[in-house]
Amino acid sequence: MPPARAGVPYPNFTATQELFRADGLTLTGNSDTVSANITNQVNNATGGLIDVSSVSNGLLVVNVANAPTGTSPGLAVFFDVRDAFGNWVLTSNATAISGAVLNFAGTVAGNISTGYNLTYNGRIRWAVSGTGSPTFTGVSFSLFGR
């Protein structure tokens with residue numbers, strides 16, 4: 001670290017943690033949460049629950065690699081935390097993490113926050129809309145917190 005200059009303090013940085021990563025997923029209306037068969041590539045855990053106890057807010061990035069199928073397909077992704085009674089509580093935008101439903105291949109991101117440390121368990125949840133069995137393939141999730 002270089003020597004401090006008079007009158008110019010060094011900034012205090014807060015480390016960002018990668019909490020969850022998964023890719024190559026296929027999302028349909030038949031499923032709606034990251035489940036036990038999906039491995040968190042950050043820590044090789046399975047089960048769908050994400051430990052968010054060490055963070056108070058985060059950024060969830062969603063990438064859809066391929067054009068969705070079906071008629072008028074839509075993908076809304078959300079982030080929830082579980083309270084002490086087992087109830088899931090939404091901490092992301094109520095419409096979708098980005099504030100809009102995704103209907104194309106591309107990347108969106110959204111904030112998850114409560115202003116306080118989040119509970120122990122979090123989950124990524126989605127809703128697929130449209131007709132003709134809409135499917136989103138090549139989907140990846142990356143969750144970062146601090």
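Above this text is the structure in question.
Small disclaimer: the values here were computed from a predicted structure and weren't measured. (Residues numbered from 1 in each chain as written. Predicted model: local features only at pLDDT ≥ 70, side-chain atom pairs only at ≥ 80, totals over all residues. Heavy atoms only, no water.)

**Q** What is the right way to read the packing of aromatic side chains from this model?
**A** Any aromatic ring pair is given by two values, namely how distant the centres are and how the planes are angled relative to each other. Taken as a whole and judged by the stated rule, the model has 1 aromatic pair. Where Trp126 meets Phe141, the ring centres are 5.9 Å apart and the plane angle is 25 degrees; that geometry is what we call stacked. As far as burial versus exposure is concerned, Trp126 and Phe141 are alike and both buried. (Phe/Tyr/Trp six-rings, centres within 6.5 Å; stacked < 30°, edge-to-face > 60°. Buried < 20%, exposed > 50% of the residue type's maximum accessible area, 1.4 Å probe, protein only.)

**Q** So what exactly am I meant to see when it comes to the pattern of salt bridges here?
**A** If charged atoms from side chains of opposite charge come close, those side chains can pair. In this structure the tally under the stated criterion is 3 salt bridges. Its salt-bridge partner being Asp80, residue Arg123 comes within 3.0 Å of it at the nearest N-O pair. Within this pair, whereas Arg123 is found in strand β7 (residues 121–145), its partner Asp80 is found in strand β4 (residues 69–82), the two being separated by 43 residues in sequence. Each of the two residues, Arg123 as well as Asp80, counts as buried. (Salt bridge = Lys/Arg side-chain N within 4 Å of Asp/Glu carboxyl O. Helix = DSSP H or I, 4+ residues; strand = E, 2+ residues; numbered from the N terminus.)

**Q** How should the nonpolar core be read in this particular structure?
**A** Soluble, globular proteins show a tendency: their nonpolar side chains are buried together. Grouped together as the largest cluster of nonpolar side chains are 29 residues, with contacts concentrated most on Phe20, Leu27, Leu75, Val77, Ile124 and Phe141. For this core, the secondary-structure elements that each account for two or more residues are β1 (17–28), β3 (57–64), β4, β6 (106–113) and β7. It is β7 that contributes the most residues to this core, 7 residues altogether. Setting aside residues up to four positions removed in sequence, Phe20 forms contacts with Val34, Ile38, Asn40, Val42, Ile50, Ile124, Phe141, Ser142 and Leu143. (Core = buried A, V, L, I, M, F, W, Y, C linked by side-chain atoms within 4.5 Å. Contact = heavy atoms within 4.5 Å.)

**Q** Explain the environment of Arg125 here, please?
**A** Locating Arg125 in the fold gives a position in strand β7. Its relative accessible area of 21% is what places Arg125 among the partly exposed residues. Considered as a pair, Arg125 and Phe79 are 46 residues apart in the sequence and their alpha carbons are 6.1 Å apart. Not counting residues within four places of it along the chain, the set of residues in contact with Arg125 comprises Asp32, Thr33, Ala76, Val77, Phe78, Asp80 and Leu90. Separated by 2.6 Å, the side chains of Arg125 and Asp80 make a polar contact. (Polar contact = N/O pair within 3.5 Å; in protein donor to acceptor, adjacent residues only side chain to side chain.)

**Q** What is the right way to look at empty space enclosed by the protein in this model?
**A** Gaps left between atoms show up when a probe the size of a water molecule is rolled over them. Scanning the entire structure with this criterion turns up 2 cavities of 30 Å³ or more. Contributing to the lining of the largest cavity are Phe20, Ile38, Asn40, Ala45, Thr46, Gly47, Gly48 and Leu49. Its residues placed into classes, the lining of the largest cavity shows 4 nonpolar, 4 polar and no charged. By volume, the second largest cavity amounts to about 30 Å³. Lining the second largest cavity, in full, are Leu75, Val77, Ala96, Ile97, Ser98, Ala100, Leu102 and Val108. Considering only residue class, the lining of the second largest cavity consists of 7 nonpolar, 1 polar and no charged. (1 Å grid on protein atoms, 1.4 Å probe; cavity = no way out; pocket = protein on both sides within 12 Å on 5 of 7 lines; lining within 4 Å. Points joined across faces, edges and corners; volume = space filled by probe spheres on them. Nonpolar A, V, L, I, M, F, W, Y, C, P; charged D, E, K, R; others polar.)

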